[in-house]
Amino acid sequence: MAHPAAGGGDLVSADGSMLVIEALARAGADAFVGYPITPTNLIFSHANARFPLFRSSTDEISAAQTMSGLSAAGKLPVTGTSFPGFALMLETVNMAFMMELPMVIVLGQRMGPSTGSATTGAQGDLLLLRGAISGGYALPVLCPSNPEDCWTLAAEAAKVAVSLRTPVVLLTSKEMLMTRWTVDLSALPEVRRVEWPAYDGDGPYVPYRAGEGLVPPFLPTCDGSHRTRFNASTHDETGLIRKASPGAIANTERLWRKVRERAGEFAFLDLDARDGASTLIVSYGMTAGAARVAAARLGKAGRPTSLLVLKTLLPLPQEALDAISRYDRVVVAEENLTGLLREMLHGTVGREGVTGVNAIGRMVSPDDIIKEVRR
Amino acid sequence: MSRILVESPSYPYCPGCTHTTAAVAIARALEAAGTDPLDVVVVTDIGCCGIIDPLLACHTVHGLHGRAVALGMGIRLGIEDPRKRVVVIQGDGGATIGLQHLLEASRLNVDMTVIVLNNMVYGMTGGQASGLSAREVREMRGMGDGAVPPYDLCSLAHAAGAAYSARVLATGDLQARLSAALAVRGLSLVEAVGICHAYGIASREDLERLAAPETVLVRDREPYSMSRRELPSLLDGAIRPRPSPEWASLPGTRLGVVIAGSAGEGVQIAAELLASAGIAIGLRSTKKGEYPITVGKGFSTAEVILSSDRIEYSAIERPDVVIVTSKEGMDAARGMLGNAAALVLDDGLEVPGGFTGTCMSAPFRKAAGAKGAALCALAYWLAESGVMPLEALEEVAGPHRHAVELRRAIESSRTCAGNIL
Ligand code: SF4
Ligand SMILES: [Mg+2]
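Residues numbered from 1 in each chain as written. Chains lettered and ligands numbered in written order. Predicted model: local features only at pLDDT ≥ 70, side-chain atom pairs only at ≥ 80, totals over all residues. Heavy atoms only, no water.

Let's shift gears to the overall build of chain A. Looking only at helices and strands, one finds 12 helices and 16 strands in chain A. Here the C-alpha atoms of chain A give a radius of gyration of 21 Å, agreeing with the 21 Å that 2.2 N^0.38 yields for 375 residues. Projected onto the principal axes, the alpha-carbon positions of chain A cover approximately 65 × 50 × 40 Å. Classification of the 375 residues of chain A by burial places 64% in the buried group. In chain A, 74% of the contacts between residues at least 6 apart in sequence involve partners at least 24 apart. (Helix = DSSP H or I, 4+ residues; strand = E, 2+ residues; numbered from the N terminus. Rg over C-alpha atoms; globule rule 2.2 N^0.38 Å. Buried < 20%, exposed > 50% of the residue type's maximum accessible area, 1.4 Å probe, protein only. Contact = heavy atoms within 4.5 Å.)

Written as structure tokens, this is what we have:
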């Protein structure tokens, strides 16, 4: 029934985890393996209520390895974890990156260091992700800024994982995953099942021979027509260990190039460039909500301020970098003490005119941001 | 019959290394079982034993150190055809790194064969002894803990539930044990104790003297499989309050409500009902909760925002009301009282010093009991402030499995005589 105040629609009260899991399932992710950890408890329980294949594992290393096995067998696995679990998974994430195994990792950030405070939100894991793959190769990282993004970016994460044959991280936080939001289901875009670009040639099948798009066509292990090889050690296109041979180096360079050169396929951001604005607020994830409120209030108060919400954090979209370079004054708002995005943008040296709004143990508020813009 | 070994294999191992013997035995056992190379995947670990992939004409997966069993388990669970075989090869180092994976695969009785080539040393890093080394080997390799016995891998796997666990000398009847293992449905483990000429036991005599006794342990169990389920959309079961025009709220509404009480006293449910009722009266809402590590003891607080506009920022900047129903709730909510417009208290609590907003007090705990106090107090405030009719709250409580108790708590607020302090 249409309602004047609500503007009609199909309104539900749903947590972000529900939207993430439902969108992933619709996109074709069919297996969940995980060890429950706050704040991804609801990711775990929703997955158990939704995914065709589900396994509660004994620990996060087992979870990530079992996911990798499922992926090699042609499934699209998902897990949910937070820093302590992700730290354990890190070697396996490298393995999956090297083997080129699609999977989606929902990382719910919580306050650290270490075990920290499980039920306190945070945005503290960005630089860990930036350096997650040994060698500095980019692990695609998408970051929802509101419940609708939980839906669309979860589906995009599945798509990127399959089309680039790579693990993808959906970087969220306690606030996004465990808060119950009002969501208009009728306004969510339809999620299409991701197509697997499986090899259909006559052979010989060369496991890591990439065609156009720098991604080798996939065949599941134990395929009945062609022999497959997957390898986590440095290998050439045959999938066999080749140390630092030219073929092996070329294959390793391709892993870097495929994510960089195809980054445009998943460069998501909201840029609201206001006429007359001299300041750009940059934010992502949970803090984007405060940034949106701050920019709106500043505009109403006669101080037009531009806003950039990053939804793809790795690799950083070129459009975002261009936008940032156009402003003399840039305020980067994020829920951490040290300014991780700021450091990723301009290094430890920083850039004149770029300052941060930071907090731990509480959400960055619109007032915090307004104060910094007006400073 | 097609061969599992590639044409003219070039063995990478040192002369006399039993890894060569094992590679041939594995291939022969698979061939003897009539396995087509495209029907088997060999999953290899790190170490000398793990560089076997190029010798094999079947599918191979070369993973991380110590993780091959967990990786193989994922592969087994992902391959739908039960006739396909999964064989895992690891060394003694990998076996202790990933001991949990072996125990778990055994507990589940995953249908695959795990071959541990135990040469009692880490061949790739200079011959350090391992958790599977005989005491004499530990002493010989200078580990300084020769009094400590090695793990008995077969007993551990058997105790955890593996269908078949065998220890055999790599110089002995290895192929026969491998054939027996491949014939098993469920987790089969073959620990082949062998020779590392470079660092470990170098002669057959020493091997026979120092290796733990050969053994075969069997258990008759069904193997595990991950059942595939068809489950409905989560959105079908989402909380979908039906907006009713008769309860339409005022445009421009934005309310922040904090409810604070004790765990197990219905704080979270009261807040969820408020969030749903907000949607029923045409608003948007957010709800979030905080509680200590244990959910059944200590404080429990919840924050609800009700707004005519889309909610971008989900924290409450200035609470319109803080509702407190217990001492623990008061302690947890104290930090939010500073700029709250109103406070609603159980009458057993004292108004905190320095609070300057409107304060209402009523006997919620007496009227609704401890479990209903939060909802009773919320209903009381809704009626007093006129934010929404109690019918909206009652309506959204309807589908709840404790609907009767919830409605009783809401009802009890009507008879609660309060004071404005
Ligand atoms: S180092 Fe030892 S285990 Fe490795 S190949 Fe040589 S003899 Fe075999
Ligand atoms: Mg060894």
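Bringing the interface of chain B and chain A into the picture now. It is common to give the size of an interface as the accessible area lost on bringing the parts into contact. Listed by partner, the interface residues are 72 residues for chain B and 79 residues for chain A. Around 6,400 Å² of area is buried between chain B and chain A when both sides are counted, 56% of it from carbon and sulfur atoms. In this structure, the connection of chain B to chain A is made through 10 salt bridges. Put simply, chain B and chain A have 35 residue pairs in polar contact (both at pLDDT 80 or more) between them. Contributions of two or more residues to the side of chain B that touches chain A are made by β1 (40-44), β2 (59-62), α2 (68-78), α4 (99-108), α9 (267-280) and β11 (284-290) of chain B. Residues that form the side of chain B that touches chain A fall into these classes: 35 nonpolar, 17 polar and 20 charged. With three bridges joining them, strand β10 (residues 229-231) of chain A and β2 of chain B adopt parallel strand pairing. (Buried area = accessible area lost by both parts, 1.4 Å probe. Salt bridge = Lys/Arg side-chain N within 4 Å of Asp/Glu carboxyl O. Polar contact = N/O pair within 3.5 Å; in protein donor to acceptor, adjacent residues only side chain to side chain. Nonpolar A, V, L, I, M, F, W, Y, C, P; charged D, E, K, R; others polar. Pairing = 2+ DSSP bridges.)

All names here are of chain B. Taken together, the side chains of Asp173, Glu205, Glu208 and Glu214 make up a negatively charged region of the molecular surface. One can find Glu208 in helix α8 (residues 204-210). By relative accessible area, Glu208 is classed as partly exposed at 48%. (Patch = residues over 30% accessible without salt bridge, like charges linked within 9 Å, V, L, I, M, F, W, Y side chains within 5 Å. Areas by Shrake-Rupley, 256 points an atom, 1.4 Å probe, with all protein chains shown as cover. Lys, Arg positive; Asp, Glu negative; His and termini not counted. Charge placed at Lys NZ, Arg CZ, Asp CG, Glu CD.)

As a further point, take the side chain of Lys288 of chain B. Following the sequence through the fold, Lys288 of chain B ends up in strand β11. Separated by 2.4 Å, the side chains of Lys288 of chain B and Glu175 of chain A make a polar contact. For Lys288 of chain B, the contacting residues outside a window of four places in its chain are Glu175, Thr179 and Met363 of chain A together with Gln268, Thr301, Ala302, Glu303, Ser314 and Ala315 of chain B.

Right, let's get into the confidence of the model for chain B. When pLDDT is averaged along chain B, the result is 95, and 100% of the positions lie at 70 or above. The complex model carries a pTM of 0.97, and its ipTM stands at 0.96. (pLDDT = per-residue confidence, 0-100.)

In an α-helix, one turn spans 3.6 residues; hence positions three or four apart end up facing the same way. All names here are of chain B. Where helix α7 (residues 174-182) is concerned, the buried positions are Leu174, Leu178, Ala181 and Leu182. Considered in projection along α7, the buried side chains sweep an arc of 95° and stay on one side of the axis. Of the surrounding secondary structure, the elements contacted by the buried residues of α7 are α1 (18-32), β3 (85-91), β4 (112-118), β7 (164-169) and β8 (187-193). (Arc of directions from axis to C-beta.)

Turning our attention to the packing of aromatic side chains. All names here are of chain A. Going through the model one piece at a time under the given rule, you end up with nine aromatic pairs over all chains. When the ring of Trp196 is compared with that of Phe218, the centres are 5.1 Å apart and the planes differ by 50°; the resulting orientation is tilted. Separated by 22 residues along the polypeptide, Trp196 in the loop between β9 (180-184) and β10 and Phe218 in the loop between β9 and β10 bring together distant segments of the chain. Here the aromatic cluster, defined as three or more aromatic residues joined through ring pairs, consists of Phe32, Phe44, Phe51 and Phe54. (Phe/Tyr/Trp six-rings, centres within 6.5 Å; stacked < 30°, edge-to-face > 60°.)

So, about the environment of Ser307 of chain B. Residues and elements named next belong to chain B. When you line up the elements, Ser307 lands in strand β12 (residues 299-307). With relative accessibility at 2%, the residue Ser307 sits in the buried group. When near neighbours in sequence (up to four residues on either side) are disregarded, Ser307 contacts Thr253, Arg254, Leu283 and Arg284. Reaching out from Ser307, the side chain makes a polar contact with the backbone oxygen of Asp309 at a distance of 2.9 Å.

Attention shifts here to the nonpolar core. For soluble globular proteins, nonpolar side chains are generally found buried alongside one another. In terms of nonpolar packing, the biggest core is built from 157 residues, with Leu24, Leu341 and Ile369 of chain A together with Met112 of chain B touching the most fellow members. For this core, the leading source of residues is helix α6 (residues 147-163) of chain A, giving 10 residues. In contact with Ile369 of chain A, other than residues within four places in its own chain, are Ile281, Ala290, Ala291, Ala294, Ala333, Val357 and Val364 of chain A. Ala271, Ile281, Ala302 and Cys376 of chain B belong to the second-largest nonpolar core, a separate cluster that totals 44 residues. (Core = buried A, V, L, I, M, F, W, Y, C linked by side-chain atoms within 4.5 Å.)

Read from one edge to the other, the open sheet built from eight strands follows the order β10(A)-β2(B)-β1(B)-β3(B)-β4(B)-β8(B)-β7(B)-β9(B), with strand pairing classed as mixed. Edge positions in the sheet fall to β10 of chain A together with β9 (215-218) of chain B, since each has one partner strand and no second. Strand-to-strand twist of the sheet, defined as the mean angle between neighbouring strand axes without regard to direction, takes the value 15°. Packing against the sheet, α2 of chain B makes contact with β1, β2, β3 and β4 of chain B, and its axis sits at approximately 175° to β3 of chain B. With respect to the sheet, α7 of chain B is in contact with β3, β4, β7, β8 and β9 of chain B, its orientation differing from that of β7 of chain B by roughly 170°. (Axes fitted to C-alpha atoms, helices over the stretch in contact; angles between N-to-C directions.)

The next subject is the coordination of the magnesium ion (ligand 2). Residues and elements named next belong to chain B. The protein atoms donating to the magnesium ion (ligand 2) are Asp92 (OD), Asn119 (OD1) and Val121 (O), with metal-donor distances spanning 2.1 to 2.2 Å. Site description for the magnesium ion (ligand 2): donor spacing in sequence, D-x26-N-x1-V. On the criterion of sequence distance, the pair formed by Asp92 in helix α3 (residues 92-97) and Asn119 in the loop between β4 and β5 (121-122) is long-range, its members being 27 residues apart. For Asn119, a relative accessible area of 6% gives the class buried. (Donors = N, O, S within 2.8 Å, 3.2 Å for Na, K, Ca; no water.)

In the region of ligand 1, the neighbouring residues are Tyr13, Cys14, Cys17, His19, Cys48, Asn119, Gly123, Cys196, His197 and Ala198 of chain B. Classifying every residue of the shell around ligand 1 gives six nonpolar, four polar and no charged. (Near = heavy atom within 4 Å.)

On to unusual backbone geometry. Trans is the prevailing form of peptide bonds, just as negative phi is the prevailing case for residues other than glycine. Residues and elements named next belong to chain A. Of note, the amide linkage connecting Gly203 to Pro204 takes the cis form, showing an omega dihedral of -5°. With omega at -15°, the peptide bond leading from Leu314 into Pro315 counts as cis. In this structure, Pro315 sits in the loop between β14 (312-314) and α10 (318-325). The phi angle at Glu100 is positive, at roughly 65°, despite the residue not being glycine. A residue is classified by how much of its surface remains accessible, and Glu100, at 0% relative accessible area, is buried. The backbone of Ser114 shows a phi angle near 60°, a positive value even though the residue is not glycine. Summarising the element assignment, Ser114 is placed in the loop between β5 (103-111) and β6 (117-121).

So, on to the pattern of salt bridges. Tallied over the full model, the rule gives 45 salt bridges over all chains. Of the charged contacts, one joins Glu104 of chain B and Arg55 of chain A as a salt bridge, the two residues approaching to 3.0 Å between their closest N and O atoms. Remark: Arg55 of chain A occurs in strand β3 (residues 53-56) and Glu104 of chain B occurs in helix α4; the pair is interchain, linking two chains. Each member of the pair, Glu104 of chain B as well as Arg55 of chain A, is classed as buried.

Before going further, it helps to spend a moment on the sheet that holds strand β15 (residues 329-334) of chain A. Residues and elements named next belong to chain A. Strand order across the open sheet formed by five strands is β11-β13-β12-β15-β16, with mixed pairing between neighbours. With partners counted over all chains shown, the strands left at the sheet margins are β11 (269-272) and β16 (354-358), one partner each. Between one strand and the next, the sheet's axes are offset by a mean angle of 15°, whatever the strand orientation. Packed on one face of the sheet, α10 meets β11, β12 (279-284), β13 (306-310) and β15 and runs near 25° to β11.

This paragraph deals with the side chain of Ser165 of chain B. Tracing the backbone through its elements, the reader meets Ser165 of chain B in strand β7. Here Ser165 of chain B is in contact with Cys154, Ala157, His158, Leu189, Thr215, Val216 and Leu217 of chain B, once residues within four sequence places are set aside.

Moving on: the packing of helix α1 (residues 16-27) of chain A against α6 of chain A. All names here are of chain A. In contact at an axis separation of 8 Å, α1 and α6 are set at 30° when each is read in the N-to-C sense. Considering their axes alone, α1 and α6 lie roughly parallel with respect to each other. Taken as a pair, α1 and α6 cross one another with a handedness that is right-handed. When α1 is examined against α6, the residues Gly16, Leu19, Val20, Glu22, Ala23, Leu24, Arg26 and Ala27 are found in contact with a partner set consisting of Pro147, Cys150, Trp151, Ala154, Ala155 and Ala158. For the contact of α1 with α6, a count of residues per class yields 11 nonpolar, one polar and two charged. (Parallel < 35°, antiparallel > 145°, perpendicular 65-115°, else oblique. Left-handed = near helix turned anticlockwise from the far one by under 90°.)

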